[in-house]
Amino acid sequence: KIRSLPGGEAVKIVAITASVFKEEKVNILAAGCEDVVQKPFKAHEIFNTRALLLDITYLYEEKDEGAIQKKGIKLTPEMMAGLPVELLQDLREAVLVLNREVALEVISRMAEQAPEVAEGLQALVDNYQMVELQALVEE
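Remember, predicted model here, so these are calculated numbers, not experimental data.

Chemist: Account for helix α6 (residues 100-110), naming residues and giving values.
Modeler: Burial in α6 covers these residues: A103, V106, I107 and M110. For α6, the angular spread of buried residues about the axis comes to 100 degrees, placing them on one side. In the core, the buried residues of α6 are packed alongside α5 (85-96) and α7 (115-126). Where α6 begins, one side-chain oxygen reaches toward the backbone nitrogen of E101, 3.3 Å away; that side chain belongs to N99.

This is the structure in structure tokens:
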């Protein structure tokens, strides 16, 4: 359908699929896709595919490893135990559904009572360490 639209021939289409056998990939490409990315994929695979198909170059900002280290506060279950139960429950629910925005909102509410804990939790969310965060709130 995309190819039949005006300008559709110029559209770059990439299929994202859970499994690709060689014959499936051939069929996907024959259906009009330029490439196939297989799940589970890393973000860089999507960006690399886009860069190749669109003939673009991404400019990446250098991470300041020192700043990341400063935020790397080692959180313990004991530190979490001092927080109000309602905030911990709200955070647990946000983490379970992987809702980053809600998790950050709950963490901002924690900052008044426990700024160091909130800073450590925010670093986990900022670095997409949701598995570690989930383990921490479950303890």
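Chemist: Quick rundown of unusual backbone geometry? Include the residues and the values.
Modeler: What is expected of a backbone is that most residues other than glycine have negative phi and most peptide bonds are trans. The phi angle at D55 is positive, at roughly 55 degrees, despite the residue not being glycine. Of note, D55 is situated in the loop between α2 (43-54) and α3 (65-71). Even without glycine at this site, L98 takes up a positive phi of about 55 degrees. Under the relative-accessibility criterion, L98 is labelled exposed at 58%.

Chemist: If you had to explain the packing of α5 against helix α8 (residues 130-138) to someone new, which residues and values would you point to?
Modeler: Viewed as axis vectors pointing N to C, α5 and α8 meet at an angle of 145 degrees, and their least axial separation amounts to 10 Å. When you trace α5 past α8, the crossing you get is left-handed. Contacts between α5 and α8 involve L91, R92, V95 and L96 on the former and, on the latter, M130, L133, Q134, V137 and E138. The residue inventory of the contact of α5 with α8, partitioned by class, reads six nonpolar, one polar and two charged.

Chemist: If you had to explain α7 to someone new, which residues and values would you point to?
Modeler: Taking 1.5 Å per residue as the helical rise, α7 with its 12 residues ought to reach 16 Å, and the 16 Å between its terminal C-alpha atoms agrees with that figure. Downstream of α7 by one or two residues, Y128 has phi in the positive range, about 55 degrees.

Chemist: Tell me about the pairing of strand β1 (residues 14-17), and name the residues and values.
Modeler: Along β1, the buried face is formed by A15 and T17; none of V14 and I16, which line the opposite face, is buried. Judged from the four bridges that link them, β1 and strand β2 (residues 35-38) form a sheet pairing that is parallel. Following the sheet pairing, I16 is matched in β2 by V37.

Chemist: Mind laying out the nonpolar core, listing which residues take part and the relevant values?
Modeler: Soluble globular proteins: nonpolar side chains tend toward being buried together. M80, L83, L91, M110, V117, L121 and L133 are the most contacted members of the largest nonpolar core, which has 22 residues in total. Filtering out sequence-adjacent residues up to four positions away, L91 remains in contact with M80, A103, V106, I107, M110, L121, L133 and V137.

Chemist: Before we move on, can you summarise the environment of L121 with the specific residues and values?
Modeler: With respect to the element layout, L121 can be found in helix α7. Along the backbone, L121 and M110 are 11 residues apart, and their C-alpha atoms lie at a distance of 9.6 Å. If we ignore the near neighbours within four places in the chain, the residues touching L121 are L75, M80, L91, I107, M110, L133 and L136.

Chemist: Any chance you could break down the pattern of salt bridges for me, citing the residues and the numbers?
Modeler: Enumeration according to the criterion identifies five salt bridges in this entry. R92 serves as the salt-bridge partner of E138, at 3.7 Å between the closest nitrogen and oxygen. One end of the pair, E138, is in helix α8; the other, R92, is in helix α5, and 46 residues separate them in sequence. Beyond isolated ion pairs, a larger network of salt bridges with shared partners links D90, E105 and R109.

The rules behind the values
- Residues numbered from 1 in each chain as written.
- Predicted model: local features only at pLDDT ≥ 70, side-chain atom pairs only at ≥ 80, totals over all residues.
- Heavy atoms only, no water.
- Buried < 20%, exposed > 50% of the residue type's maximum accessible area, 1.4 Å probe, protein only.
- Helix = DSSP H or I, 4+ residues; strand = E, 2+ residues; numbered from the N terminus.
- Arc of directions from axis to C-beta.
- Contact = heavy atoms within 4.5 Å.
- Polar contact = N/O pair within 3.5 Å; in protein donor to acceptor, adjacent residues only side chain to side chain.
- Axes fitted to C-alpha atoms, helices over the stretch in contact; angles between N-to-C directions.
- Left-handed = near helix turned anticlockwise from the far one by under 90°.
- Nonpolar A, V, L, I, M, F, W, Y, C, P; charged D, E, K, R; others polar.
- Expected span 1.5 Å × (residues − 1).
- Pairing = 2+ DSSP bridges.
- Core = buried A, V, L, I, M, F, W, Y, C linked by side-chain atoms within 4.5 Å.
- Salt bridge = Lys/Arg side-chain N within 4 Å of Asp/Glu carboxyl O.

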